[in-house]
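Inside the fold
Take a look at the letters that make up each chain.
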Amino acid sequence: MSTENLPQSPEQPQRKPRVAVVFGGRSSEHGISVVTAGAVLKAIDRTKYDVLPIGITRDGRWALTADEPERMAITDRSLPAVEELAESREGDVVLPVAPANREVVYSEPGSVPKGLGEVDVVFPVLHGPYGEDGTLQGLLELSGVPYVGAGVLASAVGQDKEYMKRVFTSFGLKVGPYVVIRPREWQRDEAAARKKIVDFAGEHGWPLFVKPARAGSSIGITKVDDLSGLDEAIAEAQAHDPKILVEAALVGREIECGVLEFEDGPRASLPAEIPPPDAHAYYDFEAKYIDSTPGIVPAPLTEEETAEVRRLAVEAFEAASCEGLVRADFFLTEDGEFVINEINTLPGFTPISMYPQMWQATGVTYPELIDLLVQAALRRSTGLR
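Since we're looking at a predicted model, the values are computed, not measured.

Attention now goes to the pattern of salt bridges. A side chain with one charge may pair with a side chain of the opposite charge, provided their charged atoms come close. Within the structure shown, the criterion is met by 26 salt bridges. Between Arg-267 and Asp-264 there is a salt bridge whose closest N-O contact spans 3.3 Å. Within this structure, Glu-141, Glu-261, Glu-323, Arg-380 and Arg-385 form a network of salt bridges that share partners.

This paragraph deals with the domain arrangement of the protein chain. Put simply, an interface is often sized by how much accessible area is lost when its parts join up. Here the protein chain is described as being made up of domain 1 (18-147), domain 2 (158-174 + 251-379) and domain 3 (178-248). Between the C-alpha centres of domain 2 and domain 3 there is a distance of 25 Å.

Bringing the packing of helix H3 (residues 152-159) against helix H4 (residues 161-170) into the picture now. Running from N to C, H3 and H4 point in directions that differ by 105°, and their axes come no closer than 5 Å. When the axis of H3 is compared with that of H4, the two are roughly perpendicular. The residues of H4 that touch H3, namely those facing Val-157, Gly-158 and Gln-159, are Lys-161, Tyr-163, Met-164 and Val-167.

The tendency in soluble globular proteins is for nonpolar side chains to be buried side by side. In this structure, Val-21, Phe-23, Phe-123, Phe-349 and Ile-370 are the most contacted members of the largest nonpolar core, which totals 33 residues. Residue assignment for this core shows that the elements contributing at least two residues are strand E1 (18-24), helix H1 (30-43), strand E7 (121-124), strand E12 (252-262), helix H10 (354-362) and helix H11 (366-379). Split by domain, the residues of this core number at least three in each of domain 1 (18-147) and domain 2 (158-174 + 251-379). With sequence-adjacent residues up to four places away left out, Phe-349 is seen in contact with Thr-36, Ala-39, Val-40, Leu-325, Tyr-355, Pro-356, Tyr-366, Leu-369, Ile-370 and Leu-373.

On to the sheet that holds strand E5 (residues 103-107). Read across the sheet, 3 strands follow the order E4-E5-E6 without closing on themselves; strand pairing throughout is antiparallel. At either margin of the open sheet sits one strand with a lone partner, and together these are strand E4 (92-94) and strand E6 (114-118). Taken pair by pair, the neighbouring strands of this sheet meet at an average axis angle of 20°, ignoring direction. Strand direction decides the pairing type here: E4 and E5, joined by 3 bridges, are antiparallel. Pairing of Val-93 across the sheet is with Tyr-106, part of E5.

Cis geometry is adopted by the peptide bond preceding Pro-207, which originates at Trp-206 and carries an omega value of 0°. Of note, Pro-207 is situated in the loop between helix H6 (190-204) and strand E9 (208-212). The omega torsion of the bond from Val-297 to Pro-298 falls at -5°, within 30 degrees of zero and hence cis. The backbone of Arg-77 shows a phi angle near 65°, a positive value even though the residue is not glycine. Here Arg-77 lies in the loop between strand E3 (62-64) and E4. With a phi angle near 60°, Ser-321 is a residue other than glycine that sits in the positive phi range. Checked against the element boundaries, Ser-321 lands in the loop between helix H9 (303-319) and strand E15 (325-333). Judged by its relative accessible area of 45%, Ser-321 is partly exposed.

This part is about the side chain of Asp-120. In this structure, Asp-120 sits in the loop between E6 and E7. For Asp-120, a relative accessible area of 13% corresponds to the buried category. Within the local environment of Asp-120, its side chain forms a polar contact with the side chain of Arg-15, the two groups lying 2.9 Å apart. Within polar-contact distance, the side chain of Asp-120 engages the backbone nitrogen of Arg-18 at 2.7 Å. Excluding residues that lie within four positions of it along the chain, Asp-120 makes contacts with Arg-15, Lys-16, Pro-17, Arg-18, Arg-102, Pro-146 and Leu-378.

A few words on the state of the cysteines. Covalent bonding between the sulfur atoms of two cysteines defines a disulfide. Using the criterion set out here, one finds 0 disulfides in the structure. With no disulfide of its own, Cys-257 lies 13 Å from the sulfur of Cys-322, the closest cysteine sulfur. By relative accessible area, Cys-322 is classed as buried at 7%.

Across the 5 residues of strand E11 (residues 244-248), 5 count as buried, placing the element largely inside the fold. On E11, burial covers both faces: Ile-244, Val-246 and Ala-248 on one face and Leu-245 and Glu-247 on the other are all buried. Pairing geometry for strand E8 (residues 178-181) and E11, over 4 bridges, is antiparallel. Bridging from a neighbouring strand, Val-179 pairs with Val-246 of E11.

Before going further, it helps to examine the sheet that holds E8. Within the open sheet, the 4 strands sit side by side as E8-E11-E9-E10. Their pairing is antiparallel. Each end of this open sheet is capped by a strand with a single partner; those strands are E8 and strand E10 (222-224). Neighbouring strand axes in the sheet, compared pairwise and without regard to direction, differ in orientation by 25° on average. Pairing analysis gives 5 bridges linking E9 to E11, with the strands arranged antiparallel. In the sheet register, Val-210 faces E11, and the bridge partner there is Val-246. Sheet strands touched by helix H7 (residues 230-238): E9, E10 and E11. Its angle to E9, the strand with the most contacts, is close to 25°.

Restricting attention to buried positions, one finds in H4 the residues Lys-161, Glu-162, Met-164, Lys-165 and Phe-168. Seen end-on, H4 carries its buried residues on one side only, within an arc spanning 165°. Residues of H4 that are buried in the fold lie against H3, E8, E9, E11, H9 and strand E16 (338-344). For H4, the N-terminal cap is Asp-160; the gap from its side-chain oxygen to the backbone nitrogen of Glu-162 is 3.1 Å. Backbone geometry just downstream of H4 places Gly-172 in the positive-phi region, at approximately 85°.

Thresholds, definitions, all that
Residues numbered from 1 in each chain as written. Predicted model: local features only at pLDDT ≥ 70, side-chain atom pairs only at ≥ 80, totals over all residues. Heavy atoms only, no water. Salt bridge = Lys/Arg side-chain N within 4 Å of Asp/Glu carboxyl O. Domains from an automatic or database assignment. Axes fitted to C-alpha atoms, helices over the stretch in contact; angles between N-to-C directions. Helix = DSSP H or I, 4+ residues; strand = E, 2+ residues; numbered from the N terminus. Parallel < 35°, antiparallel > 145°, perpendicular 65-115°, else oblique. Contact = heavy atoms within 4.5 Å. Core = buried A, V, L, I, M, F, W, Y, C linked by side-chain atoms within 4.5 Å. Buried < 20%, exposed > 50% of the residue type's maximum accessible area, 1.4 Å probe, protein only. Pairing = 2+ DSSP bridges. Polar contact = N/O pair within 3.5 Å; in protein donor to acceptor, adjacent residues only side chain to side chain. Disulfide = S-S within 2.5 Å. Arc of directions from axis to C-beta.

The following block contains the structure:
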């Protein structure tokens, strides 16, 4: 029997890709992650994507949160927290753990678990350990869920400033002088570890910058002008990470450059310059996020300098096997040489952050930037690639 004249069932409307924006987390950068999430939720194209906001509390609970970006801003110099946005104090969001299942489930004590629908891609806006360092990326790889940004290895390298510098050096990128104090060194012989830093200062001079080796947003960093401030700086860095990094101060201009993955590969933005902030010893957390010290976009460089820093930014992106996005930070020394300080595989994404501003100056708006990142994630498979 012919089926030509039988009524045809209407085609099902195509479902919009579902993006889970995951934010907060257990690191000291929890608050700025919430601010970043608010900016992403406000700007993402709701006509193109369905959005599911998921917050991770400071103690590691995955919470269903309100989709209210206006509550995720810095208010009266105070940072927001996931706990203030959670729909429940006890409810948990559970991601799928099998690649064949992308259904997200929400459960509360004494209630039947509720399905929240499938997730097509995760947009992690977690900064620091337990999110930006490869841990979340490993979970998503196991689950078979695509995600925005760097994979496990690149995330780990991008978080650990020691190994980041080692990778860059092996690829011929110039880095500044540094020394690392690992937890075992400090525990085994505190005096010897401290002497290692003092000897480094004797070789390279003061001031020094004492940093947590695996933190970001300039948290836990101290500029140390002489020996009297060293112990306090070490304690501050160790409060955020038992492994610390000590860097010699470099004389030069601070230049940043964004890298973004397009269909034909990574491209660099116009660079920005970070001028010395008037009210701060250096470009620290408060200068970045609380006092909103403005950068200069685009940086006042020669055409040759601009081309060179853009080339080096892409080279750093490739050296660390990055995906999606990177902000690369450099010093332009007095002799005209670019020295790479670090990369950030999940740079600040707040409205005042330099990464979106650099791409805005390059011709990519904030909503377009989010769309390009989500599309890059959807193009990639999980697993070895």
